[in-house]
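# Structural characterization, general
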Amino acid sequence: MVTTEIRGACPHDCPDTCALVTTVADGVALKVQGNPQHKPTDGVLCTKVSRYVERSYHPERLLTPLKRSGPKGSGRFEPVGWDQALQEIAARLQAIAARDPQAILPYSYCGTMGLVQGESMAMRFFHRLGASLLDRTICASAGGEALTQTLGGKVGMKLEFFAQSKLIIIWGSNSIASNLHFWRLAQLAKRDGARLVCIDPRRTETADKCHEHIQLLPGTDAALALALMHELILNDWLDHDYIAQHTLGWEGLRERALRWTPERAAQVCGVPAGQIRALARDYGTTKPAAIRLNYGMQRVRGGGNAARAIACLPALTGAWREAAGGLLLSSSGMFPIDKAALQRPDLLAGRTPRTINMSTIGDDLLRQASPAFGPQVEAVIVYNSNPVAVAPESGKVVRGFAREDLFTVVMEQFQTDTADYADYILPATTQLEHWDIHPSYGHTDVVLNRPAIAPVGQARPNTEVFRALAQRLGFAEDCFGQTDESLCRTAFGGNVDFDELLREGFAPLAIADAPFAQGGFPTASGRCEFFSERLARQGLDGLPDHLPNHEAIGSSANYPLAMISPPARNFLNSTFVNVTSLRDIEREPLLEINAADASARGITAGATVRVFNDRGEYFCKVQISPRARPGVVNGLGIWWRKSGLAGTNVNELTSQKLTDMGRGPVFYDCLVEVEAADASAGARRAA
Ligand SMILES: Nc1nc2c(c(=O)[nH]1)N[C@H]1C(S)=C(S)[C@@H](COP(=O)(O)OP(=O)(O)OC[C@H]3O[C@@H](n4cnc5c(=O)[nH]c(N)nc54)[C@H](O)[C@@H]3O)O[C@H]1N2
Ligand SMILES: Nc1nc2c(c(=O)[nH]1)N[C@H]1C(S)=C(S)[C@@H](COP(=O)(O)OP(=O)(O)OC[C@H]3O[C@@H](n4cnc5c(=O)[nH]c(N)nc54)[C@H](O)[C@@H]3O)O[C@H]1N2
Ligand code: SF4
Ligand SMILES: [Mo]
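Remember, predicted model here, so these are calculated numbers, not experimental data. (Residues numbered from 1 in each chain as written. Chains lettered and ligands numbered in written order. Predicted model: local features only at pLDDT ≥ 70, side-chain atom pairs only at ≥ 80, totals over all residues. Heavy atoms only, no water.)

## What about the site of ligand 3?
- As a matter of local geometry, ligand 3 sits amid C10, C14, D16, T17, C18, L45, C46, V49, H181 and L572.
- Per-class residue counts for the shell around ligand 3 are 7 nonpolar, 2 polar and 1 charged. (Near = heavy atom within 4 Å. Nonpolar A, V, L, I, M, F, W, Y, C, P; charged D, E, K, R; others polar.)

As structure tokens, then:
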């Protein structure tokens, strides 16, 4: 058998952006492996993506366009040809656009992180149409905005140097599950004597393997960071020269931090003051010290402030001076992407459509026309996302998508919860079947994806669908004829050597080992901005502070428990929930609860429970586990609603409130109560 190996990129929303090698024989993909030549990947993939072949040839892959044949949400469809589907969709969009194109809303996120199958042809199409713009806030906007206001952008340490750190603080991240290739470097550092500290309300598998676990209450990270500063100041573990030359607003921050004794923070965080003092000593006296901040800690009301407070720490101690010191939240801002060439905002031709926040899609689909809101949303085009499962307060999201008068097109690989509500489902190719090009938010290499096999069934790349719709709507601009391979070249223009990408499959960016050793932050002042003039001008606090959760523990008599809902290890958001071998590992939707909280409620191991608040109720199995601290329950996500008991998932309980910065969602700022339920209760409700 003759086999070929095709180089590609993992498309998933994961900081690791692995380089892939797909083995193909007779046009059939046999296996997907990590590219051993690509340093961050090092030849290793996570369990999920090593099953990518199983996912791509899954018997439930959508193979033809489908048109709704039952009531909205029934999930009943009949196959139609591409021509008919595109013709009918184009006609409907044209009719709506003739009244007001802003009544059409694109809804997309990171089903693929690729720049081409993401927002290239799609944005060209929606810009030309004049559709509503989408504020893509659902994951990272609070932390991203915080980093931008403090360091000047999504910039930080280079991944490889974590292996040489002597102290690594893993802050708000379950690295083993969600950032495996960073974890491998942390292990190397550990073997070399580094101390690992994990800061997380959940005792994760990562926390198990660190030397120290600070199991704070959700949404209290800023208080912890300020108390660390307090100790750095009192013990003079500061780099005065670095502070003087490369920071802004030190006097104000100093004054603020001096109000946060470890005792005060201990009260707020629910951890011993001694543990905070010990961490401050470690951080103040160990060099090089690195922080791997991740997005888990910014999904609460004060998430932006917390990320800002943490991002100040390495400038206080001068940790940035060494390559193995500093902080990494996201490296995505280091990629010189030519967004304007890809997305062509010039096609708006002076129009300024309204912007809709994807995190409040539940409310916005249910809103009537008004002068403040603009026209009612009449059509939604969903691609690369599964909002019915992943967006907060899904009771409302479902009611919105269930509107009989809403026209919904879902471009998908599988019949997800969202696809069930479509008028038309259009079958999408997977990463094995299309071209793409990828930046990363965890390393600093561009990775190219070549198609390894022909599209399965009649599946088409997202770009192809938008090209076809553009043609049917009479959009004559040349940019709608550009091929996917050519779009890959456009993405980075002359900033990346495309021949190197074609040859190797990846191309590292040229970035200094210790990018901020001599300051030079990409802020307006060129300094690390403890005080942000820009935030102050928006009427916000210019200095970072602790903001209690919208739903802080103790603020509700009815709902005493805080619920966080981090991802299950073998799913990626709601992707892979339908891959049998992975679902078999996760088994069923679970709520982890501490033994004390369980016994106070008469809940026994393995029981079915009802988790509820004023927004909704969710039935699942309970696991009595030290992974949950007292007062906090962990509802592991993100299951498809239809594979859970009673057809709901954790987002039935989460709220559409927003973060302090970046207009982000607050998935981990959510009070609930839990009670034992009759084992058949969930099933009965579903029936
Ligand atoms: N296996 C797997 N990998 C993934 C994903 C997945 O779904 N599955 N999702 C991908 C995506 S979309 C993203 S954005 C990244 C996210 O990557 P990370 O930000 O690393 O996210 P998680 O691994 O979800 O870790 C979040 C952790 O934050 C903790 N946490 C919750 N609330 C708080 C808090 O208030 N303070 C602190 N300190 N910690 C808190 C949770 O318990 C959880 O362990 O991971 C990506 N990788
Ligand atoms: N409760 C709770 N909710 C959360 C989170 C949480 O931690 N807790 N995490 C949040 C976070 S961090 C994120 S990023 C969001 C994620 O939200 P989404 O970005 O919506 O992620 P997925 O659920 O993985 O859905 C992506 C979908 O895109 C499809 N897809 C993949 N590739 C392609 C393609 O090339 N073309 C097309 N047309 N479709 C494709 C996949 O089949 C999949 O169904 O969820 C958020 N929701
Ligand atoms: S999901 Fe992350 S770890 Fe897994 S293969 Fe993709 S990039 Fe690598
Ligand atoms: Mo995310």
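## Observations regarding helix 18 (residues 462-472)
- Counting buried residues in helix 18 gives 8 out of 11 residues, a clear majority hidden from the surface.
- For helix 18, every residue scored as buried is listed here: N462, T463, V465, F466, R467, A468, L469 and A470.
- A positive backbone phi angle near 75° is found at G474, which sits one or two residues after helix 18. (Buried < 20%, exposed > 50% of the residue type's maximum accessible area, 1.4 Å probe, protein only. Helix = DSSP H or I, 4+ residues; strand = E, 2+ residues; numbered from the N terminus.)

## What about the sheet that holds strand 19 (residues 445-449)?
- Taken in spatial order, the 3 strands of this open sheet run 18-19-20, and their pairing is antiparallel. Edge positions in the open sheet fall to strand 18 (436-438) and strand 20 (506-508), since each of these has one partner strand only. With strand direction ignored, the average angle separating the axes of adjacent strands in the sheet is 15°.
- Sheet topology places strand 18 next to strand 19; 3 bridges connect them, and they run antiparallel. The partner of I437 across the bridge, within strand 19, is L448.
- On the sheet, helix 19 (residues 484-492) packs against strand 18 and strand 19 and is oriented at approximately 25° with respect to strand 18. (Pairing = 2+ DSSP bridges. Axes fitted to C-alpha atoms, helices over the stretch in contact; angles between N-to-C directions. Contact = heavy atoms within 4.5 Å.)

## Comments concerning the state of the cysteines
- Per the stated rule, a full pass over the model turns up 0 disulfides.
- Looking at C110, it has no disulfide partner, and the nearest cysteine sulfur is the one in C139, 7.1 Å off.
- Between C312, a free cysteine, and C528, which holds the nearest cysteine sulfur, the sulfur-to-sulfur gap is 5.2 Å.
- Residue class for C312 comes out buried when judged on its relative accessible area of 0%. (Disulfide = S-S within 2.5 Å.)

## Examining the pattern of salt bridges
- Across all of its chains, the model carries 41 salt bridges by this definition.
- One salt bridge connects E477 with R128, and the closest N-O pair in it is separated by 2.8 Å. Placement of E477 in the loop between helix 18 and helix 19 and of R128 in helix 3 (residues 121-129) is noted, with a sequence separation of 349 residues between them.
- On the accessibility criterion, E477 (28% relative accessible area) is partly exposed.
- Note that E205 is salt-bridged to R569, the shortest N-O span being 3.9 Å. Taken together, the residues E205 in helix 7 (residues 205-208) and R569 in the loop between strand 22 (561-564) and helix 22 (580-586) connect sequence positions 364 residues apart. (Salt bridge = Lys/Arg side-chain N within 4 Å of Asp/Glu carboxyl O.)

## Considering the domain arrangement of the chain
- With domains assigned, the chain is organised as domain 1 (66-138 + 338-428 + 461-508), domain 2 (142-329) and domain 3 (561-686).
- Distance between the C-alpha centres of domain 2 and domain 3: 28 Å.
- The interface of domain 2 with domain 3 comprises 27 residues on the first partner and 22 residues on the second.
- Of the roughly 1900 Å² buried at the junction of domain 2 and domain 3 (both faces included), carbon and sulfur atoms supply 56%.
- Between domain 2 and domain 3 we count 3 salt bridges in total.
- Every element with two or more residues in the side of domain 2 that touches domain 3 is listed here: helix 4 (141-150), helix 5 (175-178), helix 7 and helix 13 (303-317).
- Counting residues per element, the side of domain 2 that touches domain 3 draws most heavily on helix 13, which supplies 4 residues. (Domains from an automatic or database assignment. Buried area = accessible area lost by both parts, 1.4 Å probe.)

## Brief notes about the sheet that holds strand 12 (residues 289-293)
- Across the sheet, which stays open at both edges, the 5 strands sit in the order 10-9-8-12-13 with parallel pairing between neighbours. A strand with exactly one partner marks an edge of an open sheet, and here the two such strands are strand 10 (212-214) and strand 13 (326-328). The average angle at which neighbouring strand axes cross in this sheet is 20°, direction not considered.
- Sheet topology note: the strand 12/strand 13 ladder contains 3 bridges and is parallel. Bridge pairing links R292 to L328 in strand 13.

## A short note on the side chain of R641
- Inspection of the secondary structure assignment puts R641 in the loop between strand 26 (632-635) and strand 27 (671-676).
- R641 has contacts with V388, S394, V398, D417, G647, T648, N649 and E652, leaving out every residue within four places of it along the chain.

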